[in-house]
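Observations on the three-dimensional arrangement
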Amino acid sequence: MEIVIANESHFKYAEIICETIAESAKVRGTGIAKRTPEYIKQRLANGNAVIALDDGKFVGFCYIEVWGHEKYVANSGLIVHPDYRNLGMAKKIKKAVFDLSVKKFPDAKIFGITTGLAVMKINYELGYQPVTFSELTDDPQFWKGCQTCKNFDILTRTDQKMCLCTGMLYDPAKKQAAKEQKEDKLNSKAFKRLKSIKEHLFLKKKQKK
């Protein structure tokens, strides 16, 4: 079992990827944007996707979409073949595409919209936070991709403010700020402890005199 960055050699999997996405939507009874083999091949060709294989057999897939002049990227189309579900593959694939996104687009906000609780949990563990749709990209092409979803009328009626999907966002700037704040607190705590030790030693030395 391997998860690799996809390329043109994986074009042969485009059909099964699309079929698996469509079948998954039918089984779950939830909305999902359909993708064509040509669309998937574009993501395979530009290195903006990861694919999981088991000795050449398709296991799972997820791809990156770039929006707003690389200010936003979306991790979309997460799918695991039915034969490999309940093995933790979705989490591994999502982690792989997330790492690829951070590496290729370090300053971009990473987002996704989903109706799946399992995907929401994975996103949360990666550092995503639930947000309103207004905090996601306003690129019309992204929302145009939702047209094949059966819930698109809800999105239209609400002027793209809400739908059955939940928006989730990873903001590297906020993550870095939180990290620096945590480090400042740790450094402050360490300094106070060091100061306390020095004061204690100085007091002992003074008492001996």
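So, here is what we can say about the structure in this document. If you're wondering where the values come from, they're calculated on a predicted model, not measured in any experiment.

Here we come to the sheet that holds strand S1 (residues 2-5). Pairing is mixed across the open sheet formed by seven strands, whose spatial order is S1-S2-S3-S4-S5-S7-S6. Edge strands, defined here as strands with exactly one partner in the open sheet, are S1 and strand S6 (129-131). Between one strand axis and the next, the sheet turns through 25° on average, direction left out of account. As defined by bridge partners, strand S5 (residues 109-114) adjoins strand S7 (residues 166-170) across five bridges and the pair is classed as antiparallel. Residue pairing for S7: Gly112 is matched across the bridge by Met168. Along the sheet, helix H2 (residues 37-45) contacts strand S2 (49-54) and strand S3 (57-67); its crossing angle with S3, the most-contacted strand, is approximately 80°.

Here we take up helix H4 (residues 117-126). Along H4, the positions that sit buried rather than exposed are Val119, Met120, Ile122, Asn123 and Leu126. Along the axis of H4, the buried residues cluster in a sector spanning 165°; they form a single face. Residues Leu117, Ala118, Lys121 and Tyr124 are exposed on H4 and point more than 90 degrees away from its buried face. Those residues of H4 that are buried lie in contact with strand S4 (72-80), helix H3 (89-104), S5 and S7. Where H4 terminates, the next one or two residues include Gly127, which has phi positive at roughly 110°.

Reading the values: the criteria
Note on numbering: residues in each chain are counted from 1, in written sequence order. Selection of residues for local features in this predicted model requires a pLDDT of at least 70, selection of side-chain atom pairs for listing and counting requires 80 or more, and totals for whole chains, interfaces and linings are taken over all residues. Here the side-chain values reflect all heavy atoms present in the structure, with hydrogen atoms and water set aside. A strand pair is defined by DSSP finding two or more bridges across the two strands. The secondary structure listing takes helices from DSSP runs of H or I that are at least 4 residues long and strands from runs of E that are at least 2 residues long, numbered from the N terminus. Under this scheme, a helix contributes an axis fitted over its contacting stretch, all axes are lines through C-alpha atoms, and angles between N-to-C directions fall in the 0 to 180 degree range. Here, residues are in contact when the closest pair of their heavy atoms is within 4.5 Å. Three labels apply to residues, based on accessible area from a 1.4 Å probe with only protein chains included: buried if under 20% of the type maximum, exposed if over 50%, partly exposed otherwise in between. Summarising the geometry, the arc corresponds to the directions from the helix axis toward the C-beta atoms.

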